[in-house]
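Structural overview for review
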Amino acid sequence: MTSAISTVNNDNIVWHTHQVDKTYRAKQKNQQPSVLWFTGLSGAGKSTVAGALEQRLAELGYHTYLLDGDNVRHGLCQDLGFSSEDRRENIRRIGEVAKLMADAGLIVLSAFISPHRHERQLVRDMLPSGEFLEVFVDTPLEECEKRDPKGLYKKARAGELKQFTGIDSEYEQPLDAEIHLAAGSHDVQQLVEQCVDALRARKIIE
């Protein structure tokens, strides 16, 4: 398989600039393209909040797309496992897709555990300044274990699932997330409105 580096350095591949660009698409949609990167422990509520926010934005007339961790592994990343290298490649691919969608003028919502700060920084560095918004869905580990929608914590505690984030694999909390959601103490609609307010404050939506 050809590596990303060798492809970029191939003299036969040239980036084409087109007349219909990101600025045009953004103006057409009356919104500022951006990537909202929802991060948090398994069971924190990332997909739930991201899905509810997407519905709210759609009702307001905005153009969005939601990238969900499980859904992506059914197609784009179905060839990847859960080793450190594969997890990094999973995030890299998602970052590239999110970048393309932002170029299309969309507000992209991405819900991934993405436990390491350097992985999240990798995606941030792909985008122009101000276009990447880290959304920390801050739910205590105890609450995530209590919810355990997929039964993964139970398996991890029983030793049936190794390198599980929050149990025997570290989760690095964001140090300065653009949006910090105290998900353990608020209901979903309150968290959604907090996100909407943040998007308005940053002129991403009106």
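Predicted model, so just to flag it, every value in this text is computed and none were measured. (Residues numbered from 1 in each chain as written. Predicted model: local features only at pLDDT ≥ 70, side-chain atom pairs only at ≥ 80, totals over all residues. Heavy atoms only, no water.)

**A look at the overall build of the chain**
Along its length, the chain carries nine helices and five strands. When the helices and strands of the chain are read in sequence order from the N terminus, they spell out α-α-β-α-β-α-α-β-α-β-α-α-β-α. Expected size for 206 residues packed as a compact globule is a radius of gyration near 17 Å; at 18 Å, the chain falls within 12% of this value. Each principal axis of the C-alpha atoms in the chain carries an extent, and together these give about 55 × 45 × 30 Å. When each of the 206 residues of the chain is scored for burial, the buried share is 41%. Considering only contacts within the chain whose residues lie at least 6 apart along the sequence, 73% involve residues at least 24 apart. Looking at the chain as shown, the accessible area adds up to about 11,800 Å², and 50% of this sits on carbon and sulfur atoms. Taken as two groups, the 25 positive and 31 negative side-chain charges of the chain have centres that lie 1 Å from each other. (Helix = DSSP H or I, 4+ residues; strand = E, 2+ residues; numbered from the N terminus. Rg over C-alpha atoms; globule rule 2.2 N^0.38 Å. Buried < 20%, exposed > 50% of the residue type's maximum accessible area, 1.4 Å probe, protein only. Contact = heavy atoms within 4.5 Å. Areas by Shrake-Rupley, 256 points an atom, 1.4 Å probe, with all protein chains shown as cover. Lys, Arg positive; Asp, Glu negative; His and termini not counted. Charge placed at Lys NZ, Arg CZ, Asp CG, Glu CD.)

**Regarding the pairing of strand β4 (residues 132-137)**
Within β4, six of the six residues are buried, which leaves the element mostly enclosed by the surrounding structure. Judged by which residues are buried, β4 turns out to be covered on both faces: F132, E134 and F136 on one side and L133, V135 and V137 on the other are all buried. Taken together, the five bridges between strand β1 (residues 34-39) and β4 define a ladder with parallel strand orientation. Its bridge partner lying in β4, W37 is registered against E134. (Pairing = 2+ DSSP bridges.)

**Here we look at the UniProt feature "active site" (unreviewed entry) in the chain**
Taking the numbering used here, the UniProt-annotated feature "active site" (unreviewed entry) corresponds to S114. Residue position: S114 is located in the loop between β3 (107-111) and α6 (117-124). Residues in contact with S114, not counting those within four places in the same chain, are W37, T39, I91, E119, R120 and Y171. At a separation of 2.9 Å, a polar atom in the side chain of S114 contacts the side chain of W37. (UniProt positions renumbered as here; feature names shortened; annotations may be inferred. Polar contact = N/O pair within 3.5 Å; in protein donor to acceptor, adjacent residues only side chain to side chain.)

**So, the side chain of E172**
Looking at the element boundaries, E172 is found in the loop between α8 (152-157) and β5 (179-181). Despite its burial, E172 remains without a salt bridge, the nearest opposite charge being carried by R117 at 4.4 Å. Here R117 takes part through its backbone nitrogen, which lies 2.8 Å from a polar atom of the side chain of E172. Beyond its immediate chain neighbours, meaning those up to four positions away, E172 contacts P115, H116, R117 and R120. (Salt bridge = Lys/Arg side-chain N within 4 Å of Asp/Glu carboxyl O.)

**Structural notes on the UniProt feature "binding site: ATP" (unreviewed entry) in the chain**
The residues that UniProt annotates with the feature "binding site: ATP" (unreviewed entry) are G40, L41, S42, G43, A44, G45, K46 and S47. On the secondary structure map, S42 appears in the loop between β1 and α3 (46-59). With relative accessibility at 11%, the residue S42 sits in the buried group. In this view, S42 contacts I113, C144, L152, Y153 and F164; residues no more than four positions away in its chain are not counted. Secondary-structure assignment places A44 in the loop between β1 and α3. Using a relative accessible area of 1% as the deciding quantity, one classes A44 as buried. Aside from chain neighbours lying at most four places away, what touches A44 is V137, T139, C144, R147 and A183.

**A closer look at the confidence of the model for the chain**
Scored by pLDDT, the chain comes out at a mean of 89, with 95% of its residues at no less than 70. Low confidence marks residues 1-6, where pLDDT is under 50. Its contacts with residues over four positions away, or in another chain, come to one contact. (pLDDT = per-residue confidence, 0-100.)

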